[in-house]
Amino acid sequence: LYSRKFRREFEVVKSMIDKYVVAGSAVNVVIFGHAFPNNIHHRFFFGPLRDYIDGKLKNKVPIMYLNGDKHVSGSVGEYAKFIFMCTDCPMIRNCSSTSLRR
């Protein structure tokens, strides 16, 4: 169940990036999600996304993933060559320019 759903979601995100970044004029990507990148069930989305970022995009497109899964304010970390933030909806707290880095 998780594998099919998350692989399908990855294909949607990939097609949007291909259309609007690779073949279009957008230069940055922000993904809003409700799946924590380190959760084992979510690997079917984040694994292919990491491979796509490293492979096709050559890690040259800034991608920020805003995550609401754990709802922990101010927890910032890196995963798979892109930035993710756990936020306390609807406001991002404890965010500084040093927190958002590539």
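As shown above, the structure is provided for reference.
Note that this is a predicted model, so its numbers are computed, not measured. (Residues numbered from 1 in each chain as written. Predicted model: local features only at pLDDT ≥ 70, side-chain atom pairs only at ≥ 80, totals over all residues. Heavy atoms only, no water.)

Novice: Help me out: how do you make sense of a nonpolar patch on the surface in this one?
Specialist: Among the surface-exposed residues, Val 12, Met 16 and Tyr 20 lie close enough to one another that they form a single nonpolar patch of about 290 Å² accessible area. Positionally, Met 16 belongs in helix 1 (residues 2-22). (Patch = residues over 30% accessible without salt bridge, like charges linked within 9 Å, V, L, I, M, F, W, Y side chains within 5 Å. Areas by Shrake-Rupley, 256 points an atom, 1.4 Å probe, with all protein chains shown as cover. Salt bridge = Lys/Arg side-chain N within 4 Å of Asp/Glu carboxyl O. Helix = DSSP H or I, 4+ residues; strand = E, 2+ residues; numbered from the N terminus.)

Novice: In this structure, what is going on with the environment of Phe 6? I would like to understand it.
Specialist: In this structure, Phe 6 sits in helix 1. Phe 6 has contacts with Ala 35, His 41, His 42, Phe 44 and Phe 45, leaving out every residue within four places of it along the chain. (Contact = heavy atoms within 4.5 Å.)

Novice: Looking at this structure, how should I read the pattern of salt bridges?
Specialist: Pairs can form between side chains of opposite charge whenever their charged atoms are close. Under the definition given, this model contains 3 salt bridges. Of the charged contacts, one joins Lys 14 and Asp 18 as a salt bridge, the two residues approaching to 3.2 Å between their closest N and O atoms. One end of the pair is Lys 14 and the other is Asp 18, both in helix 1 and 4 residues apart, which spans about a single turn. For Lys 14, a relative accessible area of 23% gives the class partly exposed. A relative accessible area of 18% places Asp 18 in the buried class. (Buried < 20%, exposed > 50% of the residue type's maximum accessible area, 1.4 Å probe, protein only.)

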